[in-house]
Every structure is written in C-alpha cells, then in structure tokens.
Amino acid sequence: MWHSDGEKSEWKTLEVTFPVTTHLTGIRIHSQHSGRVHPVQQFRLSILTPDGTTTEVTDQPVTSDNQLITFDAAIGDRWQLDFRPGTSGKVALRGLQFYFHDSELYAALTSDQDEAPSEDESE
C-alpha cells in the first residue's frame, strides 16, 4: 500500500527502480480504498535516464480501481509513475502489477491463488 502526501498537487509521483533493465508493456493500477477514497484519475509513465532526462511512455485516463494500462514495449530500470488524483488531491495505491505481454514481472511471493497446505504436509 502506498499513500501520497497530504499536499494538494496536480500530480503525485512514485519512482520505481527494478534490479535489472526491464521490458514493460503494461501496469495494473489498484487504486483508492473503500471503493471511493483517493482514486487515480490519470496515469503517466516515463523512463528515467542516468543523465536525469525522462522519456514519456504513456499518458492515459484511469477509469477503474483495478485498471490494466497497456502500452508499446518500453525498456528501462528506473521508472517514474505519475498519478493525477481525484478531488481529494491524494492518491491511495493498494498495489501495482507489472507486465511484459501476458507475463507478470516481479509478482508478489504470495497471492489469493496460492493453495493452502494440506494437513499431511504440515507434519
């Protein structure tokens, strides 16, 4: 979970650095909490270069609280994720998922789809 600061501003920025150069074609944004508080209205993704410049990858509206944003393949290790907040001026992120085509990258170590251990395995 990530929550932006309390300052009202047009964009809230989160920088992500992957351990290796990464190819991306999509990011799923899980925003707001309680189904209505601090949603994302617009998403902008840029690649940060070592010399301090940015290359914009996409700029798209966000219309769902679990929206997959897709874009042409982009390559980088440092990424700038900009989120335009709703009327509260704040952003709440419950999570982010990163994709290259159909493959999720850097997935959480556990998920809702993990099987519960059987009683035999716990002995």
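Residues numbered from 1 in each chain as written. Predicted model: local features only at pLDDT ≥ 70, side-chain atom pairs only at ≥ 80, totals over all residues. Heavy atoms only, no water.

K.L.:
For the overall build of the protein, give the residues involved together with the corresponding values.
P.N.:
Counting secondary structure elements, the protein contains zero helices and seven strands. In sequence order, the secondary structure elements of the protein are arranged as β-β-β-β-β-β-β. Out of the 123 residues in the protein, the part that is buried amounts to 37%. Across the protein, every contact between residues at least 6 apart in sequence was considered, and the portion connecting residues at least 24 apart equals 75%. Accessible surface computed for the protein: about 7,700 Å², of which carbon and sulfur atoms make up 46%. (Helix = DSSP H or I, 4+ residues; strand = E, 2+ residues; numbered from the N terminus. Buried < 20%, exposed > 50% of the residue type's maximum accessible area, 1.4 Å probe, protein only. Contact = heavy atoms within 4.5 Å. Areas by Shrake-Rupley, 256 points an atom, 1.4 Å probe, with all protein chains shown as cover.)

K.L.:
Can you break down the pairing of strand β4 (residues 54-61) residue by residue, with the values?
P.N.:
Two strands pair when backbone bridges link them, and strand β3 (residues 40-48) and β4 are joined in this way by seven bridges, in the antiparallel orientation. Looking at the pairing, L45 lines up with T58 of β4. Linking β3 back to β4 in an antiparallel pair, the connection comprises five residues, with G52 at a positive phi of about 95 degrees. (Pairing = 2+ DSSP bridges.)

K.L.:
A description of the side chain of Q67 should follow, citing residues and the corresponding values.
P.N.:
Tracing the chain through its elements places Q67 in strand β5 (residues 66-85). Residue class for Q67 comes out buried when judged on its relative accessible area of 14%. At 2.5 Å, the side chain of Q67 and the backbone nitrogen of T63 are in polar contact. (Polar contact = N/O pair within 3.5 Å; in protein donor to acceptor, adjacent residues only side chain to side chain.)

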